[in-house]
Every structure is written in structure tokens, then in C-alpha cells.
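# Summary of the model geometry
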Amino acid sequence: MTAETQGTLAQAAQAGLAIVGEVSVGFPANRSGYGQSTYGNTQPQTEEATWLRVHPDGTATAFAGKVEYGQGIRTGLAIEVADELRLPLEALDVVLGDTDRVPWDMGTFGSQSTARVGLQLRRAAATARETLLRLAADRLDLTLDELVCADGRVTSKSDPTRGLSYADLLQGQSLVEPIAEEPALTSIEDFTVMGRDEQRIDAVARVTGRAVYSQDVQVDGMLFAHVLRPPSFGAQLEAFDASVAEQMPGVVQVAREGNLLAVLAESDEAGELAARVVQAEWSEQPGQPSRWDMPALLLDSGAEDFTMQEAGDLDAGFAAADEVLESTYYIPYITNAPMEPRAAVARWDGGRLEVWAGTQRPFGIRSELAQLFELDEAEVRVIAPEIGGGFGGKSIYAPAAEAARLARIAGRPVRVAYSRIEEHTWATFRPAALIRVKSGFKRDGTLTAWEFRAYHAGERVNIGRRGSETPYDVPNVQVSVARSDSPLRSGSYRSLGGAPNHFAREVHMDEIAERTGLDPLEVRLRNLTHPRFRRVLETTAERFGWGNPLPEGHGQGIAIGLDVGSYCATAVEVRARGSEVRVERVEVAADCGLIVNPEGARNQMEGSVVMGLGTALYEAIDFEQGRLLNAGFARYRVPRIVDAPRINTTFTGDPDTPSTGAGEPAIVPIAPAISGAVFDATGERHQELPILRHR
Amino acid sequence: MPQLHVNGEAREAPQGIRNLLSYLRFDLGLTGTKYGCGEGLCGACTVLVDGQPLRSCMTTVGAVAGGRVTTIEGLADNGDLHPVQRAFVEESAMQCGYCIPGFIMGTVGLLNREAHPSREQIREALADHMCRCGTYQRIQRAVEHVAGSGVATQGGS
Ligand code: FES
Ligand code: FES
């Protein structure tokens, strides 16, 4: 299961060609107060690491601290390196998310940090190419501009029979090169792999069952932990009696450390059976809020109001309006519910700790573990295997520490794997939000004033700031976001607060359309001059056939969105009948700048649409005084194949604009577009989610 | 000792009651069959028993004794992908891939019953499978592709 442990710099001294460079390239830009790491990651300890190795056999391996959770990053990075290094995709391997082998990374969540790592790898590959060219120039006694790299070979431009393969050039060599200051990056027109519709390089492993996820990791001597979870949030373990459980077959011990109580057994089922007869006494925390307390709680506990956007004079703007409209929007807690529940395996070897954990933040988890056990970070290795979905949430990964604590007690490796119910209850939730919007506008739909006050539940101040600014042209504007108390553990989710903020703003634009008798598309266009925004909106409307007559009971809706630099517009057609709403088709246009892998990007758009459809129509966490009432798929509905619409995606971005990521933008406009379509079909305005609960 | 066949190999069933999914994953190391819910609701654990799909999380080894169990690992023939596997690769019908072995087994089971399923039959047969990454459109396309292509799709029986 485990590969040779080796420091990233130690690797550099091996045979072949190693390209080393600085590691802190993964930080996303600190734009409008979000995007920065909020988890207190320890800074990298080494300044340099190996990013790329070209092996003596002419193949290459790229190293990145990112992880693969379905976004196709392994393929995306491989494509970038293949293009720069002039190697076929098959000759490339990409090692991800193993803290002993890859450059430090803050975590895989912001699309921008991923773009930056991709760029760093391209620079490393271009450096390698230049190095290989120099080696060939020496060996062939030609000048650099007489040579060209293609398909893993350096050849003479004038005489293609004169050439050397990368393998020939690296025979017996052991070179280390720093990433060049300004390596000659390949221009977009010369890409041969990038921008083509590539299949995933890891697809075959996924269809044959060979891909290993955290839930699949098994090591020699491993015990299965069955953790006894508290009956409600915040409950403390007072006492327990495990005398019967400890006598049961297959049970090795019942371990307790603080609030952590677990049966450790030789098999999963032995542990589960024995856990049923452990008597545990918990003291519960009384007086915890319930689902129906949320709107008032969000409003009353709002603190640390942060101004995101401010211009002009609101009072003057409202005074200049023909009409003023005030509305309140409510978005409940939802759960990420990745198909793979979190799992971790921990193994101690003397003072060294190894943990397999499918987290989006292997280096961050390494820091946490090192702190918890008072170890040097170098003594902790975290390996993120394939991750069965995360959608932002697997930045927080409690089973890693649980497994490590239990393994230390047991003196054997331990596996902690969440059940679906545990995943639902003990992971994190997309925070609930309450948003108040007050707008002033002319009879022709032109905005004169925009006041947007959002209250997002959460421990961290910046949880709800994303996507709160309005892209519409309005001279008098104030947008502020407050952090409110969160009775449930809030965590990240695709676009996080961006989707709730967009829901409020875009539904409000529909209401303005209704008041002014304008078409929802028209009211948006009248207030929008940003060229990239207009292009996605106009493209979507045109491809959708906006305004064409629809069958009885059908309705159309449209919305726009911006998420971390990517522009998106979505139009939907729904059919509403009785208490059912079906989304029939969805048209998306997105501008994410340069697209490395169009097929992968389209896949992400479709995934965001389906996920957002769930948030719009079905999903809400139900809880009462610290207890979850709808854990598990029997009580929490997520979209299934029968709910899936036809989705068509168009990319409108300019390839000369930097890549801004395709994983999240399409989730921000989908819920308001559905709400608009339901209004069009039924005349019912939905300002609260999920729509089906309120019909 | 009751016997069963797993991917063509004869196995002795373990003593006592053993969950089929746990047995496959932890006793035989066939971790391609996934745990998603343990409640029969997501399809991630789907295997074929005598060619028909079954939720292994809801079944004991004893219940399938005497049967031929096929898991995702047993689908490819000497390294040649099964047509359904190939269709999923060609249509990029996956993101994280965690649900995919279950979908593939469900699809092979469907095609064993009905060689040319309609769009509606496909949706109905796969309605109990969940893909949280939302790749349904691609899955649908992959299944339609293989169902319409007329290639022999028999497998796992
Ligand atoms: S794990 Fe068996 S159906 Fe979900
Ligand atoms: S591909 Fe991730 S759950 Fe289906």
C-alpha cells in the first residue's frame, strides 16, 4: 500500500532530470476578502521542492499537492505538462496529495490556486524542455534554434533524421535544475493536447474498480473502529460500560480518550455488533436551536458586518426611484453528501505517523496531526488517495485524528470509516443564510439603489462574502455581509456563500421584472454593461431559445452568476404539475478564460447544475435541539437520474484570458433560474429554498 | 461448507453471518464494490449474482451461496474492458468515479435482461443509483450508446 518514503528534495538527486522550484504558489488571490486559507495552515517549511522529473527512460512524473476528487485535475495537469514537455499523455504520471512526495500546497478548493499550480508545472516543464534542448545542442553540435522538441525527442529542424530521444539525453545523467525565471512557455496556438477533448487519464482505473479511495485502504494488522457517536451535538461522555462488548468475538478492545469512545475489532461487523451493547452515558447540551429558529437566529445574532461594496448615496437612490421593493430570502442548511463517506487509516511506526485520508487539504491535516501529537511535521505523512467527492467539505476531516488517536492507544493500525448516517451528521453543512434586499428602480427597470444585507451562519467571518457584490450597474449601492451564530457545524461547499447570495440577488431581479412588467432577460440586460457578463447572458438566451412559446404547465427562468473570476449564465425550462417540479432542460454559457480540458470543464458544469438542482428543489437539513432529523438518503433527497435534465454548455471565454476554473460557477445561477421558471409556470414566487418544501 | 463463486473462483463461505459487501471488500480485498449508504438506497455496492444486480450491502454471503457473484473486478475479460466499461470511458461518464462500479454493474444487469432498453427503461433501471457528482447525462449517454451499438453485452453470468 505504501510507497517508499522520500523527501521531495531527496528525490531531486535521483537519476534523470529533476526540476525544482518554490512551493508557495498555491495561494489563491485574496480577492474581496475571501479565497484565502481560513484554516490556519502552517506555512511550508521547505522553500523548494521537486515539481517534475524526467526519468532516464524518457517518461516523466509531475508532482502536485492538489488532490483528485472528481474534478479531473490529474488529467488537467497532465495535459499542461505534456504540451510543454512535448510528451504524449501516456508517458506522464502525476503524483498528487502525498505530503512526503509532493510540494507543499494549501489545499484543493479555489479554482485559482489550481490554475496557479498548473502554471508552475508548465514553467517546470518548459524549463525541462529547455534543458533537454541544451543537452541535445551539445551532443549534436547544433545551435538551440536549429533544434525542436516533439514527441519525446529533440531533432534537427533541417534534418529530422538527426535527433536524440529524451531517454538518450538523460542516460547516466543526474541533473537538478531550478525552474527558470522566465521559461519560454508554449503559446496557445501551439498547444497540441490542451483544449482538445481529452478523456480522463485515470478513467480505466475507475471503471475497473482499481482506483483506491480512503474507504478502500487496508493495511496489515489493521483494526476496524466503530465509534460511538454522541446522541446530539455537543454531548459529553460521562461514563460507559463495555464489559459485555469486550467479551464478544472479534473485539480487541473498547478504547476511550476524552469524548472519543470506540470499539476496536478485527472486522467491521464485529465492531458494529459489539458497539450495540456498549452502555454509554452522555450529558446533552440543553436549549439548542431547531430548524424553525433559524431565520430569527440569523438576524438577531448577526455580527461583524463587513461592507463588500459601497458607492453613491442609498437614500438619494431610493428617493430617485419610481418604486422601492423589499424582500427577504432564506436558504437552509444543506449537506454535501459526497458518495464516499469520509474514512481514514492511521499507522504509527515508532514516533512516525502515517495517515491515509481523502481530504482536500493533506498538508493542513498534517499540521493538525503534528500539533495534536506534538510531532515535527516531517514525522507525519498524510496521503490523500482518490476522493469520492468532496465539493469543498473534505477540507475538514475529523476521522484522520480519530484514527490516529485510536491507533496510538491500540498499538496497531486503525481504520475509522464514517457510515452514511455519520457522514450526514458529523461532517459539515453549507451554512444557512438569510438575506434582505431593498432595491429602488425606475419604471423602465433601471436600478437606482441596491441594498443587500446578508446573514450567513458560520464560525468564520468570511463564510458568506463570496458572490455578494452585484454585477448590475447601479449608482447607489451598499452590500454588507454579517456572520451569524451557527448551531450546526458549518463548512465549505461548492461556491459556499456564493450560491445563496446569487439566489437572493437574482430572484430579486425577477421580482423587479414582475413589478415593471419586463421580461426577466430584459431587466437584466438593461442593467448590465460588463462585456463578459453580457456575452454569457446573450449566448445562453439565444441557445435556449428564450421567449419561444412553451407547452402548458411549463415555465422558463434565467439568471447570471460570477464565481471567483468565472462568468456564467443559466436558462432553464421546468414543468410544474401538482406538487412536482421537473427541470426539463438547462442551457449554460460560461466564461472561465482558457480551458485546458473542455470535456472535463463541461462535465463540471453539468455536475454543478445537477447539484444546484437538488439545492433548489429538495434539500434542507432538518434538525431539532442538536439532533439531526433527516440523516441518510431515505430522508434526505438528492437528485437521481430520473430528475436529471438535459444540459447543454457553451464556453464563451477568450483563451488568452487566464484560466479561472469550471468547477463552481454553474452552481450559482441555477437555483434562482429554477425559481424564476417555477414562477413563470405557476405564478408562485419562491424566495425560500427548497422550493418543493414550500409548495 | 457452502460454496460460492466470485469472479469465477470457487470460495468457501465464511462461518456465521457475514454481510456480502463486507466480505467482498475486506475478506477478499475486492474494494471496487463500494459502500455508499449501507441502506440499499444508493447502488454503490451493486454486484451481479447469476447475472442479475443485487445490493450487496443488504445481503449476506449465505443468501447467495451456490450462486455466481460478479464484481466490477471480474467484468473485464483478460484485461479487455467490457463494452459497458468502455462506453463509460468513452463518454467520460464519471467524475470522482465512486458511484461508477455500481452504475456499471446495474447497467450490465439491465442489458442481461433487456438487450435494447429504451431511454425510459434505462432511467428506471438506474433510478436507485446515486451519483452525487451529477454525471447522469453522461451515464445515460454511455448506456444508450452501448445499448444501441448492438455489441454483445452479456457478462457476469
Ligand atoms: S451501499 Fe448498498 S445501496 Fe448504498
Ligand atoms: S462520479 Fe462521483 S458520485 Fe458519481
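The rules behind each value
- Residues numbered from 1 in each chain as written.
- Chains lettered and ligands numbered in written order.
- Predicted model: local features only at pLDDT ≥ 70, side-chain atom pairs only at ≥ 80, totals over all residues.
- Heavy atoms only, no water.
- Domains from an automatic or database assignment.
- Contact = heavy atoms within 4.5 Å.
- Buried area = accessible area lost by both parts, 1.4 Å probe.
- Salt bridge = Lys/Arg side-chain N within 4 Å of Asp/Glu carboxyl O.
- Polar contact = N/O pair within 3.5 Å; in protein donor to acceptor, adjacent residues only side chain to side chain.
- Pairing = 2+ DSSP bridges.
- Helix = DSSP H or I, 4+ residues; strand = E, 2+ residues; numbered from the N terminus.
- Axes fitted to C-alpha atoms, helices over the stretch in contact; angles between N-to-C directions.
- Core = buried A, V, L, I, M, F, W, Y, C linked by side-chain atoms within 4.5 Å.
- Buried < 20%, exposed > 50% of the residue type's maximum accessible area, 1.4 Å probe, protein only.

So, on to the domain arrangement of chain A. Residue and element names in this part refer to chain A. By domain assignment, chain A separates into domain 1 (3-208), domain 2 (215-284 + 342-417) and domain 3 (292-333 + 429-693). On the domain 2 side, the residues contacting the 28 residues of domain 1 number 22 residues. Between domain 1 and domain 2, roughly 1900 Å² of surface is buried when both sides are summed, and carbon and sulfur atoms account for 46% of that area. Applying the counting rule to domain 1 against domain 2 returns 5 salt bridges. The salt bridge partner of Arg74 is Glu386, with a shortest N-O separation of 2.8 Å. Scanning the region where domain 1 abuts domain 2 turns up 8 residue pairs in polar contact (both at pLDDT 80 or more).

Residue and element names in this part refer to chain A. Pairing is mixed in the open sheet, where 7 strands are placed in the order S11-S12-S9-S20-S17-S18-S19. At either end of the open sheet lies a strand with only one pairing partner, and these are strand S11 (251-257) and strand S19 (380-383). Between one strand and the next, the sheet's axes are offset by a mean angle of 20°, whatever the strand orientation. When strand S17 (residues 343-349) meets strand S18 (residues 352-357), the two strands line up antiparallel, connected through 6 bridges. Residue pairing for S18: Trp348 is matched across the bridge by Leu353. Helix H6 (residues 268-275) rests against strand S9 (223-227), S11 and strand S12 (260-265) of the sheet, and its axis sits at about 135° to S12. Running at roughly 40° to S17, helix H10 (residues 398-410) makes contact with S9, S11, S12, S17, S18 and strand S20 (414-417) of the sheet.

If you look at the biggest cluster of nonpolar residues, it comprises 143 residues, and the most contacted ones within it are Ile674 of chain A together with Phe88 and Ile139 of chain B. Sequence-distant contacts of Phe88 of chain B, that is, excluding residues within four places in its chain, are made with Val207 of chain A together with Ala93, Met94, Ile100, Phe103, Ile104, Thr107, Ile139, Ala142 and Val143 of chain B. Counting 46 residues, the second-largest nonpolar core is a separate cluster that includes Ala64, Ile79, Leu140 and Cys149 of chain A.

On to unusual backbone geometry, then. Residues and elements named next belong to chain A. Looking along the chain, the bond that leaves Leu689 and enters Pro690 is cis, with omega of -5°. Summarising the element assignment, Pro690 is placed in the segment after helix H16 (670-682). In this structure, Asp141 is a non-glycine residue whose phi angle is positive, near 55°. The class for Asp141 is exposed, based on a relative accessible area of 68%. Its identity is not glycine, yet Glu374 carries a phi of approximately 50°, on the positive side. As for its position among the elements, Glu374 is in the loop between helix H9 (362-373) and S19. Taking the relative accessible area as the measure of exposure, Glu374 reaches 74% and is therefore exposed.

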